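# Examination of the molecular architecture
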Amino acid sequence: MARLGFIGTGEITAAMVRGLAGQGHQILVSPRNAAVATALVAEVAGVAVAPNDQVVAGSDVVFLCLLARVAEEALPGLPFRAGQTIISVMVDAPLAKLRQLCAPVTDIAITIPLPPIAKGGCPLPVYPASPVVEALFGQRNPVIPLRSEAALSAHLGASALCSPILDQLLAAADWLAGFTGDRDAAETYIAAMIRGYLPARPAPGELAGALAKLSTGGGLNATLRAAMEPAKADLRRGLDGFRGRLQLAEKDGNRG
Ligand SMILES: NC(=O)c1ccc[n+]([C@@H]2O[C@H](COP(=O)([O-])OP(=O)(O)OC[C@H]3O[C@@H](n4cnc5c(N)ncnc54)[C@H](OP(=O)(O)O)[C@@H]3O)[C@@H](O)[C@H]2O)c1
């Protein structure tokens, strides 16, 4: 059993707290957002609501789940103490900034939970390696310790892929429903089809292997892929657009 605190009770806190249900932890959440906090108290045993300062004072592990600009105002003055562990899930809050905001805490890690963590199976990149993240979430989610903060930042950028890919899938469902007249069935079909190619813990090379099998010359898959080839450059350009914000070097190791 651990004493866990969450500052900022929004979408990602709700998902993490639901993912921790049933493990016997004592969990304090801050009162904002009140509707989410109330729902978590009703749903998950061991959850209570407390003001930010009591969340920090009453927890051994504090999760920072605010927008970064809000954190700059909300964290200074909270009673952080040496020996605590801080886990930040915030974009735009590098470790150097977190050390300032949470002094005197030194055990600070950044991870990238996504809403599916509520059910498990969510990959959790983390830097630096965190025994706490592993202990709390590792049984149900693959934890991926990274070697540098830059690698963590690059994972943050890559995590933005979820939205455009879902958007593409929904566009395909719309197209399909235009012929079948059944939008729900179209979405179910597209989601199930894609899920079949995405096992929970894919082995290295599995995606490339699946793609190779879908590359018969003149086949529907290869034809559509060729038509969408320009989208790959758009994707790369969009990801490269994060370099300044995520403080990524101008060139990474793989690209010379
Ligand atoms: N959602 C995701 O999938 C995801 C994934 C990875 C990382 N993140 C990161 O996680 C952080 C939170 O994201 P989110 O999607 O959970 O955002 P969110 O739903 O907007 O949650 C943020 C919460 O912070 C609360 N808040 C505002 N000021 C506060 C204060 N002074 N003290 C305590 N709480 C305060 C807000 O309450 P009110 O509603 O009352 O203003 C809101 O409920 C962001 O840095 C985001 O980049 C999110």
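Analysis parameters
Residues numbered from 1 in each chain as written. Predicted model: local features only at pLDDT ≥ 70, side-chain atom pairs only at ≥ 80, totals over all residues. Heavy atoms only, no water. Near = heavy atom within 4 Å. Polar contact = N/O pair within 3.5 Å; in protein donor to acceptor, adjacent residues only side chain to side chain. Areas by Shrake-Rupley, 256 points an atom, 1.4 Å probe, with all protein chains shown as cover. 1 Å grid on protein atoms, 1.4 Å probe; cavity = no way out; pocket = protein on both sides within 12 Å on 5 of 7 lines; lining within 4 Å. Sits in = over half its atoms within 2 Å of the grid points. Helix = DSSP H or I, 4+ residues; strand = E, 2+ residues; numbered from the N terminus. Nonpolar A, V, L, I, M, F, W, Y, C, P; charged D, E, K, R; others polar. Patch = residues over 30% accessible without salt bridge, like charges linked within 9 Å, V, L, I, M, F, W, Y side chains within 5 Å. Salt bridge = Lys/Arg side-chain N within 4 Å of Asp/Glu carboxyl O. Buried < 20%, exposed > 50% of the residue type's maximum accessible area, 1.4 Å probe, protein only. Contact = heavy atoms within 4.5 Å. Domains from an automatic or database assignment. Pairing = 2+ DSSP bridges. Axes fitted to C-alpha atoms, helices over the stretch in contact; angles between N-to-C directions. Parallel < 35°, antiparallel > 145°, perpendicular 65-115°, else oblique. Left-handed = near helix turned anticlockwise from the far one by under 90°. Right-handed = clockwise from strand over helix to strand, strands pointing away. Points joined across faces, edges and corners; volume = space filled by probe spheres on them.

### Brief notes about the site of the ligand
Surveying the vicinity of the ligand reveals 20 residues, the closest of which are Glu11, Ile12, Arg32, Asn52 and Leu66. At 3.4 Å from an oxygen atom of the ligand is found a main-chain nitrogen or oxygen belonging to Thr9. Measuring from an oxygen atom of the ligand, one finds a backbone N or O atom of Glu11 at 2.9 Å. Against a free-state accessible area of 890 Å², the protein chains account for coverage of 72% of the ligand. Comparing atom positions with the cavity grids shows the ligand to sit within the second largest pocket. Put simply, the parts of the chain that give the shell around the ligand at least two residues each are α1 (11-19) and α4 (68-74). Looking at the shell around the ligand residue by residue, the classes come out as 12 nonpolar, 6 polar and 2 charged.

### Quick notes on a nonpolar patch on the surface
Together, Tyr189, Met193, Tyr197, Leu198 and Leu207 make up a nonpolar patch on the protein surface, roughly 510 Å² of accessible area in all. The topology assignment puts Met193 in helix α9 (residues 183-196).

### As for α1
Of all the 9 residues making up α1, 7 are buried; the element is thus mostly covered by neighbouring parts of the structure. Restricting attention to buried positions, one finds in α1 the residues Ile12, Thr13, Ala14, Ala15, Met16, Val17 and Gly19. Where α1 is buried, its residues meet β1 (3-7), β2 (26-29), α2 (34-43), β3 (47-49), β4 (61-64) and α6 (131-137).

### A look at the domain arrangement of the protein chain
Looking at the assigned domains, one finds that the protein chain contains domain 1 (3-146) and domain 2 (162-240). Put simply, the middle of domain 1 and the middle of domain 2, counted by C-alpha atoms, are 33 Å apart.

### Notes on the pairing of β4
Judged by which residues are buried, β4 turns out to be covered on both faces: Val61 and Phe63 on one side and Val62 and Leu64 on the other are all buried. As defined by bridge partners, β1 adjoins β4 across 4 bridges and the pair is classed as parallel. Counted as the bridge partner of Ile7 is Leu64 from β4. Of the pairings in the sheet, the one linking β4 to strand β5 (residues 85-88) comprises 4 bridges and is parallel in character.

### Concerning the packing of helix α8 (residues 162-180) against α9
Contact geometry of α8 with α9 gives a least axis separation of 8 Å together with a crossing angle of 135°. Judged by the inter-axis angle, α8 sits oblique to α9. At the point where α8 passes α9, the crossing takes the right-handed sense. Judged by residue contacts, Leu169, Leu170, Ala172, Ala173, Asp174, Leu176 and Ala177 of α8 engage Arg183, Ala186, Glu187, Tyr189, Ile190 and Ile194 from α9. A breakdown of the residues in the contact of α8 with α9 according to their chemical character gives 10 nonpolar, no polar and 3 charged.

### A closer look at the pairing of strand β7 (residues 124-127)
In terms of strand pairing, strand β6 (residues 107-111) meets β7 through 2 bridges, oriented antiparallel. Along β7, the bridge assignment pairs Ile110 with Tyr127. Here β7 runs beside strand β8 (residues 143-145); their pairing, made up of 3 bridges, is parallel. Within the sheet, the bridge partner assigned to Leu124 lies in β8 and is Val143. Crossover handedness for the path β7 to α6 to β8: right-handed.

### Let's talk about the layout of surface pockets
Reported here for the second largest pocket is a volume of approximately 940 Å³. In this structure, the second largest pocket is lined by 33 residues; those nearest its centre are Ile12, Cys65, Leu66, Leu67 and Val89. No other element matches α4, which puts 4 residues into the lining of the second largest pocket. In terms of residue class, the lining of the second largest pocket is made up of 20 nonpolar, 8 polar and 5 charged.

### Regarding the sheet that holds β6
As a general point, the strands of a sheet are linked pairwise by backbone hydrogen bonds and lie either parallel or antiparallel. Reading across the sheet, the 8 strands line up as β3-β2-β1-β4-β5-β6-β7-β8 and stay open at both edges, with mixed pairing between neighbours. In this open sheet, the two edge strands, each paired with only one partner strand, are β3 and β8. Adjacent strand axes in the sheet meet at a mean angle of 25° when their direction is disregarded.

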